[in-house]
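Spelled out, the chains give:
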Amino acid sequence: MNPFTRPLRNDDPALRLVVCHHAGGSGSAYFPLGRSLPPDWDLLLADLPGRGRRHREAPLRDLSAMVERLTEDVLPLTGPPLALFGHSMGAAVVAGTALALERRGAPVAWVGVSGRLAPADCGPVEDLDPGLSDRRLMAGLGRLGGIPARFDEAPEFRRRFLRLVRGDLYALGSAHPDPARRRLAAPLTAFGAAGDETAPASRLGGWAAETAGPFRSRVFDGGHFHFFDDGFAALGAALVAEIRRVVPGADGPEGVRRAPAPTTTGGQT
């Protein structure tokens, strides 16, 4: 089964952008992002097992297995300039995938991580412990935002969602980064939000140690799922700007819908 939804399909693109979703999510949640990207890009929204296009597959409960799966999915699509972006859990997955691709001789043009601290800075989040009761876990997830309105009125969907998100949280807890791991060669941008308590914007700079390439950080207003507020317009514009800074030939045609740029943090390297 094809693991990708492709809102912008282009088989000879100026750039191929692969997006990985947050814990409990699926690629379809990021479909609106395509409206803010150049039409000569190829946008691929990944589904990890257990959701979306892969809802019949058993969910993975190990981060390294998620990285391995996405790496195998992306490898056949390498050739055009390749950019990877992930939010929250997806940030951990794409960072590992980019490193795995580089190890296998597949260059990565740019990596974007959002809503998550660097591996060395991540620790348990009390409100998101997968061992919590349903009520307490839902309360913790609700404080992050991103939970659909009237969610509790669909109890079977709620049960399936909680099973999935618990597995994703166990996978995140399984991550034990090797202190001697190599750094990425690709440029890396860390995105955060001023009101995101799970990944404070003041600590995004920790991602700089994960790359030997250029590092930048950008901060938006709002909380953990700030991009839902405007239908991904500001995030899409920021992704385009960051990628165009470092990828020759990704300038694309003019006329792409623009949105106000988020704040760029000072002291970038």
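Source: prediction; values computed, not measured.

Undergrad: Explain the overall build of the protein chain residue by residue, including any values.
TA: A count of helical and extended segments in the protein chain gives five helices and eight strands. Going from N to C terminus, the protein chain has its helices and strands arranged as β-β-β-α-β-α-β-α-α-β-β-α-β. A globule of 269 residues ought to have a C-alpha radius of gyration of about 18 Å, and the protein chain, at 17 Å, matches this closely. Judged by the C-alpha coordinates and their principal axes, the protein chain covers about 50 × 40 × 35 Å. Out of the 269 residues belonging to the protein chain, those deemed buried represent 54%. Residue pairs at least 24 apart in sequence account for 78% of intrachain contacts in the protein chain once pairs closer than 6 positions are excluded. Counting only carbon and sulfur atoms, one obtains 52% of the accessible surface of the protein chain, whose full area is about 12000 Å².

Undergrad: Residues and numbers for the nonpolar core, please.
TA: Within the largest apolar cluster, 78 residues are counted, with the highest numbers of intra-cluster contacts made by Leu-17, Leu-70, Val-111 and Ile-243. When residues in this core are grouped by element, the largest group, nine residues, is from helix α2 (residues 89-103). When sequence neighbours within four positions are dropped, the list of residues in contact with Ile-243 reads Leu-15, Leu-17, Trp-41, Ala-83, Trp-110 and Ala-250.

Undergrad: An account of helix α3 (residues 134-144) is requested, with residue identities and associated values reported.
TA: Within the span of α3, buried status applies to Leu-137, Met-138, Gly-140, Leu-141 and Leu-144. Seen end-on, α3 carries its buried residues on one side only, within an arc spanning 160°. More than 90 degrees from the buried face of α3, the exposed residues found are Arg-135 and Arg-143.

Undergrad: Got a sec to walk through helix α5 (residues 233-246)? Specific residues and values, please.
TA: An ideal rise of 1.5 Å per residue puts 20 Å on 14 residues; α5 measures up with 21 Å between its terminal C-alpha atoms. Regarding α5, the residues found buried are Ala-233, Ala-234, Leu-235, Gly-236, Ala-237, Ala-238, Leu-239, Val-240, Glu-242, Ile-243 and Arg-244. Against the buried residues of α5 lie β2 (15-20), β3 (41-46), β4 (82-87), β5 (110-114), β6 (188-193) and β7 (215-220).

Rules and cut-offs
- Residues numbered from 1 in each chain as written.
- Predicted model: local features only at pLDDT ≥ 70, side-chain atom pairs only at ≥ 80, totals over all residues.
- Heavy atoms only, no water.
- Helix = DSSP H or I, 4+ residues; strand = E, 2+ residues; numbered from the N terminus.
- Rg over C-alpha atoms; globule rule 2.2 N^0.38 Å.
- Buried < 20%, exposed > 50% of the residue type's maximum accessible area, 1.4 Å probe, protein only.
- Contact = heavy atoms within 4.5 Å.
- Areas by Shrake-Rupley, 256 points an atom, 1.4 Å probe, with all protein chains shown as cover.
- Core = buried A, V, L, I, M, F, W, Y, C linked by side-chain atoms within 4.5 Å.
- Arc of directions from axis to C-beta.
- Expected span 1.5 Å × (residues − 1).

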